[in-house]
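Below are the chains, spelled out letter by letter.
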Amino acid sequence: MTVLQVQGILLSILVLLPFVNNFSVFGIILPLTLLIVKVILIPRYINKIILELDIKRIIEPTIQQIVFLLLVIVTVIMIFLTSSIIAQNTHLEVIPFAIGFSAIAIGIYIIIFRKKLIVHVCGFLVLENGIFLFGTAVASELPVMIELGVLLDVFVVVFLMGIALNKIRSTFEGFEVTDLGRLKD
């Protein structure tokens, strides 16, 4: 099970929790859709791309791993401290807010500090999971249609990224961001 699948399961459970006492069909649609798209469809598609394009699972960061880890830890601590301060003056759930905002920051860090394009797709998915969680923390009741629209957007982006990786493979040997610098108009 991958990190993205675990995030999908946790998001599905988090969205399902408010509907435990107030069961409704609409309360089950979003968590079930999240589960299907984030735990089954997107990870399968990413694995299919990795296998078909023979992408090596070697992590090639632009900064050292320990620096990346320290950056993430410091960011998460700062976000939790700031969230606690904000929660004193407002009605804010600290944990979902801070975790969502942290996931957004970590997703951005993954996109910035990793070389492989497929890892950028995963960073984008982590970023989207953070936006989803951040949204549920800020607005207690988001319309289901908006959330389903976000899921559709993510699915389309992952699908288009797969097509783009196939096109890049036909042009270049590697799947690193640095290879894209050689593209001309």
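Residues numbered from 1 in each chain as written. Predicted model: local features only at pLDDT ≥ 70, side-chain atom pairs only at ≥ 80, totals over all residues. Heavy atoms only, no water.

Draft legend 1. View of the packing of aromatic side chains. Within the structure shown, the criterion is met by three aromatic pairs. Considering the side-chain rings of phenylalanine 68 and phenylalanine 113, the 6.4 Å spacing of their centres and the 80° angle between planes classify their relative orientation as edge-to-face. Of this pair, phenylalanine 68 sits in helix H3 (residues 65–89) while phenylalanine 113 sits in helix H4 (residues 94–113), and the two are 45 residues apart along the sequence. An aromatic cluster is defined as three or more aromatic residues linked by ring pairs; in this entry it consists of Phe68, Tyr109 and Phe113. (Phe/Tyr/Trp six-rings, centres within 6.5 Å; stacked < 30°, edge-to-face > 60°. Helix = DSSP H or I, 4+ residues; strand = E, 2+ residues; numbered from the N terminus.)

Draft legend 2. A look at the packing of helix H1 (residues 3–16) against helix H5 (residues 117–138). Close contact between H1 and H5 brings their axes to 11 Å; oriented N to C, the two are set at 15°. On the basis of the axis angle, H1 is roughly parallel to H5. Pair H1 / H5 crosses with left-handed handedness. Residues Leu4, Gln7, Leu11, Leu14 and Val15 of H1 lie in contact with H5, whose contacting residues are Cys122, Leu125, Val126, Asn129, Phe132, Leu133 and Thr136. Each residue belonging to the contact of H1 with H5 can be placed in one class, and the counts come to nine nonpolar, three polar and no charged. (Axes fitted to C-alpha atoms, helices over the stretch in contact; angles between N-to-C directions. Parallel < 35°, antiparallel > 145°, perpendicular 65-115°, else oblique. Left-handed = near helix turned anticlockwise from the far one by under 90°. Contact = heavy atoms within 4.5 Å. Nonpolar A, V, L, I, M, F, W, Y, C, P; charged D, E, K, R; others polar.)

Draft legend 3. Spatial organisation of H1. An ideal rise of 1.5 Å per residue puts 20 Å on 14 residues; H1 measures up with 20 Å between its terminal C-alpha atoms. For H1, the full list of buried residues reads Leu4, Gln5, Gly8, Leu11, Ser12 and Val15. Summarising the axial view, the buried residues of H1 lie within an arc of 125°, below the 170-degree limit, and thus occupy one face. H1 presents Val3 and Leu10 as exposed residues on the side facing more than 90 degrees away from its buried surface. (Expected span 1.5 Å × (residues − 1). Buried < 20%, exposed > 50% of the residue type's maximum accessible area, 1.4 Å probe, protein only. Arc of directions from axis to C-beta.)

Draft legend 4. Structural context of the packing of H4 against H5. Following both chains from N to C, one finds H4 and H5 inclined at 160°, their axes separated by 7 Å at the closest point. Taken together, H4 and H5 sit at an angle that is classed as roughly antiparallel. Crossing of H4 over H5 shows left-handed handedness. Facing H4, whose interface residues are Pro96, Phe97, Ile99, Gly100, Phe101, Ala103, Ile104, Ile106, Gly107, Ile108, Ile110 and Ile111, H5 presents Val119, His120, Gly123, Phe124, Val126, Leu127, Gly130, Ile131, Leu133, Phe134, Ala137 and Val138. Partitioned by chemical class, the residues of the contact of H4 with H5 number 19 nonpolar, five polar and no charged.

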